[in-house]
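# Summary of structural features
Below, each chain spelled out in residue letters.
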Amino acid sequence: MNPVTYVRAASIADAVLMGRENDVRLLGGGTNLVDLMRKGVETPSRLVDVTALSERIDQADDGGLVIGAAARNSMVAAHPLVRFRYPMLSRAILAGASAQVRNMATMGGNLMQRTRCMYFNDVTGARCNKRVPGSGCEAIGGFNRYHAILGGSTACIATHPSDMCVALAALDAQVHIAGPDGDRVVPLVAFHRLPGERPDIETLLDPAEIIVAIGIPPSSFARRSAYRKVRDRASYAFALVSVAAGLTMRDGRVDEVRVAFGGIAPKPWRATRIEERLRDVALSASAIQAAFEAEFAEAALLPGNGFKRGLAERTLSAMLVELAGDAQ
Amino acid sequence: MSITVNGLDFPVPVDTRVSLLDLLREQMHLTGTKIGCNQGACGACTVLLDGSRVLSCLTLAVQADGRSVTTIEGLGTAEALHPLQAAFITHDGFQCGYCTPGQICAAKAMLDEVAAGMPSYLTTNLAADHITLTRDEVRERMSGNLCRCGAHNGIIDAILEVAGAEAKGLEITGGHRS
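Rules used throughout
Residues numbered from 1 in each chain as written. Chains lettered and ligands numbered in written order. Predicted model: local features only at pLDDT ≥ 70, side-chain atom pairs only at ≥ 80, totals over all residues. Helix = DSSP H or I, 4+ residues; strand = E, 2+ residues; numbered from the N terminus. Rg over C-alpha atoms; globule rule 2.2 N^0.38 Å. Contact = placed C-beta atoms within 7 Å. Buried ≥ 20, exposed ≤ 12 C-beta atoms within 10 Å, placed from the backbone. Pairing = 2+ DSSP bridges. Domains from an automatic or database assignment. Core = buried A, V, L, I, M, F, W, Y, C linked by C-beta atoms within 7 Å. Axes fitted to C-alpha atoms, helices over the stretch in contact; angles between N-to-C directions. Parallel < 35°, antiparallel > 145°, perpendicular 65-115°, else oblique. Left-handed = near helix turned anticlockwise from the far one by under 90°. Nonpolar A, V, L, I, M, F, W, Y, C, P; charged D, E, K, R; others polar.

Counting secondary structure elements, chain A contains 12 helices and 12 strands. On C-alpha atoms alone, chain A measures out to a radius of gyration of 20 Å, which is about the 20 Å that the 2.2 N^0.38 rule sets for 328 residues. Of the contacts formed within chain A by residues at least 6 apart in sequence, a portion of 64% connects residues at least 24 apart.

Given below as structure tokens:
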């Protein structure tokens, strides 16, 4: 690991000021960053510990929630407001990592975590366009069981590893950002970007900016929502496919529906085509299939990850049928 | 600048790159905490940080500045076993024993989490404030600790015995119920 200095930010202004220098990384729980530094993927010269910033979980004026970026994942998952009003979010957080990791990991850090693509993490053994732009991608012609079928590019097919962000995408969460040029709020679904020709640029966060909070609006469907994760072992593994879904019915037809996928794309994948096609229709097997096919029409299936298309369809279908049954 | 380990204060290492795991093992010679994968995949390095279970391999020692760490050496001794240690012996919760300190630290915090009503991915009713600790719940909650000898069934038996004893207010010491 390269030599690195460590400072603690006492305030948002402090963090923004300290973060302006070159080669700085903001440190949350460190559960991803410390590992990446040890592997040589990340080589910052300075760490700014931002865990002293807000970790509050408050009800917002509009009836939604505001969660401080320094809140630990485990505290958010266990918080009564989250458990009662946004069970999908609790379930998604609890589906991720292990209790030890969730106890350290912060909300902001969860958004900023990097892909677990094994080629990205293999500094000495593999080429990677995300790690070294222009060097090549070994996943596309290599072992790609864990890689993207939607949203990838000829430069990169790495997936975003977060479970929590999949639920946040379905819940229309907002990312509150502070920076030297002021504050701004962006939708979570716009926060992460697709790789295109620059897979090294993963979010729209400027290097001098900092995530200060996650906002979640009030929701009519969130109480009747679920998160399901399919993986190679029953626990403590990244998703092959995960689905966050919320559904309300009216007179036998779909009233509100929200769907987001994890494990299949370089960012949390909000399935707007599925939502548009299912709204106001009776929830039949053929309607679900047609909606799914619209969303996955451009799926790029490789030898290692082609199974994800069918797996995603079956997982979504099972969840919607279950949620519709509850909603009658 | 100090870290409290098992009740005693130690200075924070000058080199910021030192992990909490390396501080414990290499500088303080508390070798009960084990180094397994050193990348957050196995749980062998689990310790308690202000009472919560964390992975000491993924924690820089400087992150623990001003905080309190408990290792396996702080939970029990050969003369005065922690109830979980006694139960692991009774139920053959190990073969080689390498993962055991991490398992026991994780189990200690896990039982505290259950007592505090914290849900897991398997908790059916997220609105409930009482957790029923089933076998599957223990498996899910302990999934961050791998045992390559495959002693997981004994580990779960041991944890369930202590959980049951705690629920009934019994005390287990030295491998015998009192």
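With respect to the helices and strands, Asp-58 of chain A occurs in strand S4 (residues 57-59). Taking the C-alpha atoms as reference, Asp-58 of chain A lies 9.7 Å from Gly-215 of chain A; in sequence the two are 157 residues apart.

This next bit is on the pairing of strand S9 (residues 225-230) of chain A. Residues and elements named next belong to chain A. Judged by which residues are buried, S9 turns out to be one-sided: Ser-225, Tyr-227 and Lys-229 face inward and are buried, whereas Ala-226, Arg-228 and Val-230, on the alternate face, are not. Note: S9 against strand S10 (residues 241-250), 6 bridges, orientation antiparallel. Paired with Ser-225 across the strands is Gly-246, a residue of S10.

This part is about the domain arrangement of chain A. According to the domain assignment, chain A consists of domain 1 (5-49) and domain 2 (223-327). Relative placement of domain 1 of chain A and domain 2 of chain A: their C-alpha centres are 36 Å apart.

Met-88, Ala-92, Ala-167, Leu-171, Ala-244 and Phe-261 of chain A are the most contacted members of the largest nonpolar core, which totals 154 residues. If you tally residues by element for this core, the top one is helix H4 (residues 100-115) of chain B, at 8 residues. Setting aside residues no more than four positions away along its own chain, Phe-261 of chain A makes contact with Val-166, Val-241, Ser-242, Val-243, Trp-269, Ala-271 and Ala-312 of chain A.

This next bit is on the packing of helix H3 (residues 83-90) of chain B against H4 of chain B. The description of two helices packed together rests on the angle between their axes and the distance between the axes. Residues and elements named next belong to chain B. Two elements in contact, H3 and H4, have axes whose closest approach is 10 Å; the angle formed by their N-to-C orientations is 125°. Here H3 lies oblique to H4, going by the angle between them. Note on packing geometry: the crossing formed by H3 with H4 is right-handed. Each of Leu-84, Gln-85 and Phe-88 in H3 lies in contact with H4, whose residues at this interface are Thr-100, Ile-104, Ala-107 and Lys-108. Of the residues contributing to the contact of H3 with H4, the split by class is 4 nonpolar, 2 polar and 1 charged.

Our next topic: the interface of chain B and chain A. The interface is formed by 28 residues belonging to chain B together with 26 residues belonging to chain A. For the side of chain B that touches chain A, the secondary-structure elements that each account for two or more residues are strand S4 (52-55), H4 and helix H5 (135-141) of chain B. Here the side of chain B that touches chain A takes 4 residues from S4 of chain B, the largest share from any one element.

Turning to the sheet that holds strand S3 (residues 46-49) of chain A, a few remarks are in order. All names here are of chain A. Spatially, 3 strands are ordered S1-S3-S2 in an open sheet, and the strand pairing comes out parallel. Looking at strand neighbours, the two that pair on one side only are strand S1 (5-8) and strand S2 (24-27), the edges of this open sheet. Going across the sheet, the axis of each strand differs from the next one's by a mean of 25°, ignoring polarity. Pairing of S2 with S3 involves 4 bridges; the strand directions are parallel. The partner of Val-24 across the bridge, within S3, is Arg-46.

A few words now on helix H5 (residues 87-95) of chain A. All names here are of chain A. In terms of burial, H5 is largely enclosed, as 9 of its 9 residues are buried. Buried within H5 we find Pro-87, Met-88, Leu-89, Ser-90, Arg-91, Ala-92, Ile-93, Leu-94 and Ala-95. Considering only its buried residues, H5 is in contact with helix H3 (73-78), helix H4 (80-85), helix H6 (99-104), helix H8 (164-170), S9 and S10. Looking one or two residues beyond H5, the residue adopting positive phi is Ala-97, at roughly 55°.

Attention now moves to the domain arrangement of chain B. All names here are of chain B. When cut into domains, chain B gives domain 1 (2-75) and domain 2 (83-177). Inter-centroid distance (C-alpha atoms) of domain 1 to domain 2 is 22 Å. Taken together, the contact pairs 15 residues of domain 1 with 13 residues of domain 2. For the side of domain 1 that touches domain 2, the element with the most residues is strand S3 (residues 46-49), which contributes 3 residues. Class assignment for the residues of the side of domain 1 that touches domain 2 results in 7 nonpolar, 6 polar and 2 charged.

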